[in-house]
Amino acid sequence: MHRRTFALAGFSLATLLPMAATAQSVVELAGVKYPPTQAVSGQTLRLNGAGIRYRFVVKVYTAGLYLQGKAATPEAVVSAPGPKRLHVVMLRDIDANELGKLFTRGMQDNVSRDDFAKSITGTLRMADIFQAQKKLAAGDNFSVDWVPGRGTTVLVNGQPQGEPIKEPEFFNALMMIWLGPRPADVALKDALLGIPRPAN
């Protein structure tokens, strides 16, 4: 039941990228290019994995996870040192306010009550950011950057949206939307972690 309530839920698939490819070349998904590295806070991050989020057969968005080193489990992502980035590019129009609400539900479904309570300040800020956007159109993008000692910065189309959110619990809870026990999309979770899926 929880999975049906999350954003863009339903039967879904994700495109998995071999890690050898992500380490060596630009990866292209539905026309969206993910370079093998990105710079965050002056440090070079590497593409850990990327995939496409589907709703039924409709492509909704692409997502790519950038870290300093390889992480194949959610625990490894959370404990990874240094900056981190999740970059999402929309493939269809979506109501930004609704997306923010559904992200909140995704966090509630994937972290403990105590951890969610610790991240509530950041959760409210993120909801306000998306509410102010009104709509994310196909081609729009947002990034969520974590920088130790600074916090989480949300960027929409490359523009920072206010001051960083200080609480580390918020970034970790947000990542669990995609990497938690009840992720938005199991196949996309594996793609972001670089885990091969069995061929159909």
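Residues numbered from 1 in each chain as written. Predicted model: local features only at pLDDT ≥ 70, side-chain atom pairs only at ≥ 80, totals over all residues. Heavy atoms only, no water.

## Let's talk about the overall build of the protein chain
Applied cut-off: A helix here means a DSSP run of H or I that spans at least four residues, while a strand means a run of E at least two residues long, and both kinds are numbered starting from the N terminus. Contacts are assigned to residue pairs that have any heavy atoms within 4.5 Å of one another. Each accessible area is a Shrake-Rupley result for a 1.4 Å probe, and residues are judged covered by the shown protein chains and nothing else.
The helix and strand inventory of the protein chain stands at eight helices and 11 strands. In the protein chain, once contacts between residues fewer than 6 apart in sequence are set aside, the share between residues at least 24 apart is 64%. In the form shown here, the protein chain has an accessible surface area of approximately 9,500 Å², with 53% of it arising from carbon and sulfur atoms.

## Details of the confidence of the model for the protein chain
A low pLDDT means the predicted coordinates there should not be read in detail. Selection criterion: The pLDDT value expresses, per residue, how confident the predictor is, ranging between 0 and 100.
Taken as a whole, the protein chain shows an average pLDDT of 86; of its residues, 86% reach a score of 70 or greater. Note on residues 1-23: pLDDT is under 50 here. Beyond four places in sequence and across chains, it has 73 contacts.

## Describing the side chain of Thr153
As a reminder, the rule being used: Three labels apply to residues, based on accessible area from a 1.4 Å probe with only protein chains included: buried if under 20% of the type maximum, exposed if over 50%, partly exposed otherwise in between.
Here Thr153 lies in strand β10 (residues 151-156). Overall, Thr153 belongs to the buried group, its relative accessible area being 16%.

## So, the pairing of strand β3 (residues 37-40)
Looking down a regular strand, the side chains alternate between one sheet face and the other. Note the threshold: One bridge is not enough; two strands pair if DSSP finds at least two bridges between them.
Residue alternation in β3 divides its side chains into a buried set, Gln38 and Val40, and an unburied set, Thr37 and Ala39. Two elements, β3 and strand β4 (residues 43-55), share four bridges in a ladder whose sense is antiparallel. Looking across to β4, one finds that Thr37 is bridged to Arg46.

## Quick look at helix α6 (residues 120-133)
Under the convention used in this document: How far a helix is expected to stretch is found by multiplying one less than its residue total by 1.5 Å. The arc in question is formed by the directions pointing from the helix axis toward the C-beta atoms.
When the terminal C-alpha atoms of α6 are compared, their 20 Å separation across 14 residues agrees well with the 20 Å that a helix rising 1.5 Å per residue should span. Those residues of α6 not exposed but buried are Gly122, Thr123, Met126, Ile129 and Phe130. Along the axis of α6, the buried residues cluster in a sector spanning 120°; they form a single face. With respect to the buried face of α6, the exposed residues turned more than 90 degrees away are Leu124 and Ala132. In this structure, the buried side of α6 is in contact with α4 (96-110), α5 (113-118), β8 (135-136), β9 (141-147), β10 and α7 (168-179).

## Let's talk about unusual backbone geometry
Phi at Ala30 is positive, roughly 50°, even though this residue is not glycine. Position of Ala30 relative to the elements: it lies in the loop between β1 (27-29) and β2 (32-34). A relative accessible area of 40% means that Ala30 is categorised as partly exposed. Positive phi outside glycine occurs at Asn157, with the angle close to 50°. For Asn157, the position within the fold is in the loop between β10 and β11 (159-160). Residue Asn157 is classed as partly exposed on the basis of its relative accessible area, which comes to 38%.

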